[in-house]
Amino acid sequence: MRRGSLERQLIICEKPSAAEKIAFALGGAGVRRSRRGKVPVYRFELEGKEVTVVPSIGHLYAAAQQGPGWSFPMFSLVWAPIHEVERRASGSRAWIRAISDLAAQADSFVSACDLDTEGSLIAYMILLHACRGADSRARRMRFSTLTRQDLQAAYAGMTSTLDYGAAEAGKARHELDWIFGVNVSRALMDSYSRTGSSFEVLSAGRVQSPVLYALAKREAAIRLHLPDPFWLIGAEAEVGGGIVQARLRGGKVLSKREGEEIASRCSGAKAVVSRITEREVVIPPPFPFDLGTLQSEASRIFGFHPSRTQKIAEKLYLEALISYPRTASQKIPPSINCVQILRGLAGSDYYREMAEEILASGRTRPREGKKSDPAHPAIHPTGALPRSIGRDEGKVYDLVVKRFLAAFGEAAVQAQATIELECSSGDVFVADGKATKEDGWTRFYKPYAFLKEALLPKASVGDGAKILTAWAEGRFTAPPPRFTASSAIRFMERNGLGTKSTRAEVLDTLYRRGYIDGWKISVTELGFGVTRILKKFFPDLVSIELTRRLEEEIEGIGSGERRATEVVLKGIDLAKGVCEKMIDKYEEVGDELSKVVRKLREERRTLGPCPECKSGMLIITHSRKSGKRFVGCNNYKNGCRVTMPLPQRGRITPSKSTCKVCGYPIIEVRGFGKRPWRLCVNNRCGSKGSWQRGSGKAGSEDGAE
Amino acid sequence: MGRSRDPGSPAMGACAVCGSPSGGSLCARHAKAARKIEAHFATWRERAGVEWEEYLRRVSENDLSGAWIKETAEYLLRSGMRFGQISKP
């Protein structure tokens, strides 16, 4: 063996599971596995080269402050090993050391990280720092799936340089996020702590703040919604030998009296079929998923949070079952062999019939959407079938496969008809019907899509009919809908806030900071407070327009239209402007913040209305003598003497629900590392016999909802 | 357990609805809600034929009413404030 004279090539991958796939796709049976500490390493010979494949664990370098201390404003940043920046990333030290050692023995370098800005940045930073400037000698593998065929083609067609545009765009985005995030968050916390208040983690950011502002605006509109009444006139009518449900033509009636009059004069009235309309509605097949649509569909169907869907899809990609999920594309380019994918799917008992039907039809191109992504196609199955798959992974995989199959389907066709019934009073009622003529693509997308049907009896113009009964149904104008995680991500996408990879993460940060809450998002008092302060003192920071413009400029770096330094310097100027304003209003900001935090703490200790005096609120307070916490009514001065003991350990939060047995509030007690425990605060609650006998926890669940 | 501290009561210059600091009798958000309640009364009277108290009761019990609207309607009911009497913050 002349191994000493072979060219030694180091391939850097983004994750361990991707490294394993890439190594075995390129090296086949000749792959030798070993470990450098805890880092897996794969070696094999290929085309006269000694190839080593080594994974990273995502980002190994991060933007960090230059020098020590906690100062503000701070614009000097460096890229440092992530274990020096984040305490929880301490494990990454071993990976940097392993890659650095392997790089010392390598002659050439290849980036095989995910083909997007994050993946390009991960590889660039590793090559620049851990491999001591090897970025200038590195090549780039470009692939969208981890299948053997795609990976071999990507290795054969490597570009001669790194994709510097994407890496620079990623770097600029991280630097701008750091500059805005660190400075504004530090300024908020510093101005708050100068008011003499205790520490509270507060944050704001370039994308986070405009999103929070939009959520707060929607929340305020919901909380200030005053429903106005209106009436809908409905009827049950006999026509063509059948019974139909009908509605008064012309929509809503704005007066109760008028509604009741119409209902009264039409009930039992004779009518005649005055008009019949029929039309065919063609419903085209859906296009394959981009990440946003997949997240939204998984949320609608399975109730998955977008970040959960993204994680599951990334896992499916690493198992080579689907293509790269962080894509904005709804297109499947001709270079992707759809026939081969369909043949692969036909190997499964579950998808065989559908895949074979499409293959037999000769439709080999799916319907495509308008959105495209220069790096990746729409999310699609690779044709590989899972040997075993978890429950949630199975759900997302099935959704991706069926959506892909549906995109090859024919349009669905429904016949829609309306029958108009005219009473002698001149009132006209309309009955709507729908019947499916062709179920088309919906066959492939079951149970995720179905066509609603409502059949009408056969009738002709001039036929007699009878309004059996009519009624005026009171309705109210509805508030704007609450954002869900999924609709919030769609909102961010529409407004160019964040990227496809970061949107779910931004929402997670808002949840973690306590600014928003719930599946249907509600903004907390803290969220409202921070938004109010940002809007009042730093309107630029909550401006969607400003963030979108900056985002477009970052994208311009990737396409070569902008220079990274120019965009970052522009961002620094903006951040400086925000900081200068903040310094001028330091005390004012601090005072406002302390009011907000005071209110938040008040909210956290208020359990709900007192069921005894009915005018006070039950709140958590502490005894001055013993320091122990207990529940008391704040109507104490007016004679309400309700007090109740509380568990002295664990974090207590109001649950916003009341006990079904006694009507007192329910609290949630969270002990460290334990499951939360729901408890009725009333120690005399009928469900707590054992509690009263002094047995502590017993009876707690009985009183809980 | 003995009681040694008053858990709190509305402070001076506090919103009569939520207790948060305010320049007038209501904080900004509840004042806005109060103005909206007054503004919509004409619509309700015309459409549903209800008078002020009944209007406030229905609004405060309506599931579609926003939280600040409900709180303010309940307060207006409790305080017996008549239409047109709502003070500005």
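Analysis parameters
- Residues numbered from 1 in each chain as written.
- Chains lettered and ligands numbered in written order.
- Predicted model: local features only at pLDDT ≥ 70, side-chain atom pairs only at ≥ 80, totals over all residues.
- Helix = DSSP H or I, 4+ residues; strand = E, 2+ residues; numbered from the N terminus.
- Buried ≥ 20, exposed ≤ 12 C-beta atoms within 10 Å, placed from the backbone.
- Contact = placed C-beta atoms within 7 Å.
- Pairing = 2+ DSSP bridges.
- Axes fitted to C-alpha atoms, helices over the stretch in contact; angles between N-to-C directions.
- Parallel < 35°, antiparallel > 145°, perpendicular 65-115°, else oblique.
- Left-handed = near helix turned anticlockwise from the far one by under 90°.
- Nonpolar A, V, L, I, M, F, W, Y, C, P; charged D, E, K, R; others polar.
- pLDDT = per-residue confidence, 0-100.
- Core = buried A, V, L, I, M, F, W, Y, C linked by C-beta atoms within 7 Å.
- Domains from an automatic or database assignment.
- Expected span 1.5 Å × (residues − 1).

J.: So what's going on with the overall build of chain B? Which residues, and what values?
T.: Across its full length, chain B carries three helices and zero strands. Counting across all 89 residues of chain B, residues that qualify as buried make up 30%. The contacts of chain B with a sequence gap of at least 6 include a subset with a gap of at least 24, amounting to 50%.

J.: Explain the overall build of chain A to me, using residue names and the numbers behind them.
T.: A tally of regular secondary structure across chain A gives 21 helices and 23 strands. Projecting the C-alpha coordinates of chain A onto the three principal axes gives extents of approximately 100 × 85 × 55 Å. Within chain A, contacts between residues at least 6 apart in sequence are counted, and of these 68% link residues at least 24 apart.

J.: Outline the sheet that holds strand 17 (residues 606–609) of chain A, supporting the account with residue identities and numerical values.
T.: Residue and element names in this part refer to chain A. Taken together, the four strands give an open sheet; going across it, the order is 17-18-19-20, and neighbouring strands pair in antiparallel fashion. If you trace the sheet from one side to the other, it starts and ends with strand 17 and strand 20 (643–645), each paired once. Between one strand axis and the next, the sheet turns by 25° as a mean value, whatever way the strands run. With three bridges joining them, strand 17 and strand 18 (residues 617–622) adopt antiparallel strand pairing. Across the sheet, Gly 608 pairs through a bridge with Leu 618, a residue of strand 18.

J.: Give me the packing of helix 10 (residues 306–318) of chain A against helix 15 (residues 503–512) of chain A: which residues, what numbers.
T.: Residues and elements named next belong to chain A. It is the contact of helix 10 with helix 15, at a shortest axis distance of 9 Å, that shows an interaxial angle of 135°. Of the possible angle classes, the one that applies to helix 10 and helix 15 is oblique. For the element pair helix 10 and helix 15, the recorded crossing hand is left-handed. Only Ala 504, Glu 505 and Asp 508 of helix 15 make contact with helix 10, whose side of the interface consists of Pro 306, Ser 307 and Gln 310.

J.: With reference to specific residues and values, describe unusual backbone geometry.
T.: Residues and elements named next belong to chain A. Going from Lys 446 to Pro 447, the amide bond is cis rather than trans, its omega being 5°. One can find Pro 447 in the loop between strand 13 (428–438) and strand 14 (464–476). In this structure, Glu 47 is a non-glycine residue whose phi angle is positive, near 45°. If you trace the backbone, Glu 47 turns up in the loop between strand 3 (39–46) and strand 4 (49–55). In this structure, Arg 132 is a non-glycine residue whose phi angle is positive, near 50°. In this fold, Arg 132 is placed in the loop between helix 4 (117–130) and strand 8 (138–140). A tally of 11 C-beta atoms within 10 Å means that Arg 132 is categorised as exposed.

J.: Explain the interface of chain B and chain A to me, using residue names and the numbers behind them.
T.: Counting residues at the interface gives 29 residues for chain B and 29 residues for chain A. Every element with two or more residues in the side of chain B that touches chain A is listed here: helix 1 (28–48) and helix 3 (67–79) of chain B. Among the elements that make up the side of chain B that touches chain A, the one with the highest residue count is helix 1 of chain B (nine residues). Of the residues in the side of chain B that touches chain A, the class split is twelve nonpolar, eleven polar and six charged.

J.: Residue-level account of the confidence of the model for chain A, with values.
T.: Scored by pLDDT, chain A comes out at a mean of 89, with 95% of its residues at no less than 70. Overall, residues 691–705 of chain A carries pLDDT values under 50, and its contacts beyond four positions in sequence, including any with other chains, amount to 29 contacts.

J.: Any chance you could break down the nonpolar core for me, citing the residues and the numbers?
T.: Residues and elements named next belong to chain A. In terms of nonpolar packing, the biggest core is built from 147 residues, with Ile 12, Ile 22, Val 54 and Ile 126 touching the most fellow members. It is helix 6 (residues 164–193) that provides the largest number of residues to this core, a total of 13 residues. With residues up to four places along the chain from it excluded, the contact list for Val 54 reads Leu 10, Ile 12, Ala 19, Val 39, Val 41, Ala 98, Ile 99 and Leu 102. If you look at the next biggest cluster of nonpolar residues, it comprises 26 residues, including Phe 230, Val 253, Phe 429 and Ala 472.

J.: Please give an account of the domain arrangement of chain A that cites residues and values.
T.: Domain parsing of chain A yields domain 1 (3–162), domain 2 (171–223 + 481–597), domain 3 (229–285 + 412–476), domain 4 (291–406) and domain 5 (610–703). If you average the C-alpha positions of domain 2 of chain A and of domain 3 of chain A, the two centres end up 48 Å apart.

J.: Describe the environment of B:Ala16, listing the residues and the values that go with them.
T.: With respect to the helices and strands, the residue B:Ala16 is situated in the segment before helix 1. Apart from the residues lying within four places of it in its own chain, the contact partners of B:Ala16 are B:Ser25, B:Leu26 and B:Tyr75.

J.: Pulling in residues and values, what's your account of the confidence of the model for chain B?
T.: All names here are of chain B. Per-residue confidence for chain B gives a mean pLDDT of 82, with 82% of residues at or over 70. Averaged over each element, pLDDT in chain B is lowest for helix 3 (94) and highest for helix 2 (residues 52–61) (96). A low-confidence stretch, residues 1–12 (pLDDT under 50), is modelled with 25 contacts involving residues beyond four sequence positions or located in other chains. Scored as a complex, the prediction yields pTM 0.78 and ipTM 0.88.

J.: With reference to specific residues and values, describe the environment of A:Leu115.
T.: Among the secondary structure elements, A:Leu115 is positioned in the loop between strand 7 (108–112) and helix 4. Spatially, the C-alpha atom of A:Leu115 lies 63 Å from that of A:Glu422, the residues being 307 residues apart in sequence.

J.: Which residues make up the pairing of strand 2 (residues 32–36) of chain A, and what values do they have?
T.: Residues and elements named next belong to chain A. Taking burial as the measure, the five residues of strand 2 include zero buried ones, a minor fraction of the element. Relative to strand 3, strand 2 runs antiparallel, the two being bridged by five bridges. The residue bridging Ser 34 from the neighbouring strand is Val 41, located in strand 3. Here strand 2 folds back onto strand 3, and the loop between the two strands holds two residues, one of which, Gly 37, carries a positive phi near 65°.

J.: If you had to explain helix 1 of chain B to someone new, which residues and values would you point to?
T.: Taking 1.5 Å per residue as the helical rise, helix 1 of chain B with its 21 residues ought to reach 30 Å, and the 29 Å between its terminal C-alpha atoms agrees with that figure. Buried within helix 1 of chain B are the following residues: B:Arg29, B:His30, B:Ala31, B:Ala33, B:Ala34, B:Ile37, B:Trp44 and B:Arg47. The secondary structure elements touched by the buried residues of helix 1 of chain B are strand 9 (229–239) and helix 8 (256–266) of chain A together with helix 2 and helix 3 of chain B. Two residues or fewer after helix 1 of chain B comes B:Gly49, characterised by a positive phi angle close to 65°.

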